[in-house]
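Residue strings, one per chain:
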Amino acid sequence: AGALRELSREAAIWVFSDTGRVPPALAQFPAYHDRNGRTMARFFAPGTPLILLIGADGKVVKTWLGFSKGQSEKIVAEIRAAIQDR
């Protein structure tokens, strides 16, 4: 949640949920209730968390799967670099 809060200064953050519920730490972000799982299936999400960088053209630019609390600085740096490359 901390990494996403940090990145929210530079990019829009959306949370997708199959149940419509999100963890309290992510409640500040807009949530999309994926009732039938179609959206996640279209992303070919093999697990969570799944982070997608979507370009202005609506296409997926890069994906990250999984997250380790000890690696938050690293993933934030990677995502920032990918955003700047756009």
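The structure reproduced in this document is the subject of the present report.

How each quantity is defined
Residues numbered from 1 in each chain as written. Predicted model: local features only at pLDDT ≥ 70, side-chain atom pairs only at ≥ 80, totals over all residues. Heavy atoms only, no water. 1 Å grid on protein atoms, 1.4 Å probe; cavity = no way out; pocket = protein on both sides within 12 Å on 5 of 7 lines; lining within 4 Å. Points joined across faces, edges and corners; volume = space filled by probe spheres on them. Helix = DSSP H or I, 4+ residues; strand = E, 2+ residues; numbered from the N terminus. Nonpolar A, V, L, I, M, F, W, Y, C, P; charged D, E, K, R; others polar. Pairing = 2+ DSSP bridges. Buried < 20%, exposed > 50% of the residue type's maximum accessible area, 1.4 Å probe, protein only.

### Let's talk about the layout of surface pockets
In this structure, the largest pocket encloses a volume near 1100 Å³. Taken together, 34 residues make up the lining of the largest pocket; nearest its centre are Ile13, Trp14, Leu50, Ile51 and Leu52. Broken down by secondary-structure element, the contributors of at least two residues to the lining of the largest pocket are α1 (2-7), β1 (15-17), β3 (50-54) and α3 (72-85). For the lining of the largest pocket, the per-class residue count stands at 27 nonpolar, three polar and four charged.

### Observations regarding the pairing of strand β4 (residues 60-65)
Along any regular strand the residues' side chains alternate between the sheet's two faces. Two strands pair when backbone bridges link them, and β3 and β4 are joined in this way by five bridges, in the antiparallel orientation. Residue pairing for β4: leucine 53 is matched across the bridge by lysine 62. Count of turn residues in the β3/β4 antiparallel hairpin: five residues, of which glycine 58 carries a positive phi of about 85 degrees.

### Structural notes on the environment of proline 46
Here proline 46 is to be found in the loop between α2 (38-42) and β3. Here proline 46 falls in the exposed class, since its relative accessible area comes to 63%. Residues proline 46 and glycine 66 lie 20 residues apart in sequence; the distance between their C-alpha atoms is 9.9 Å.

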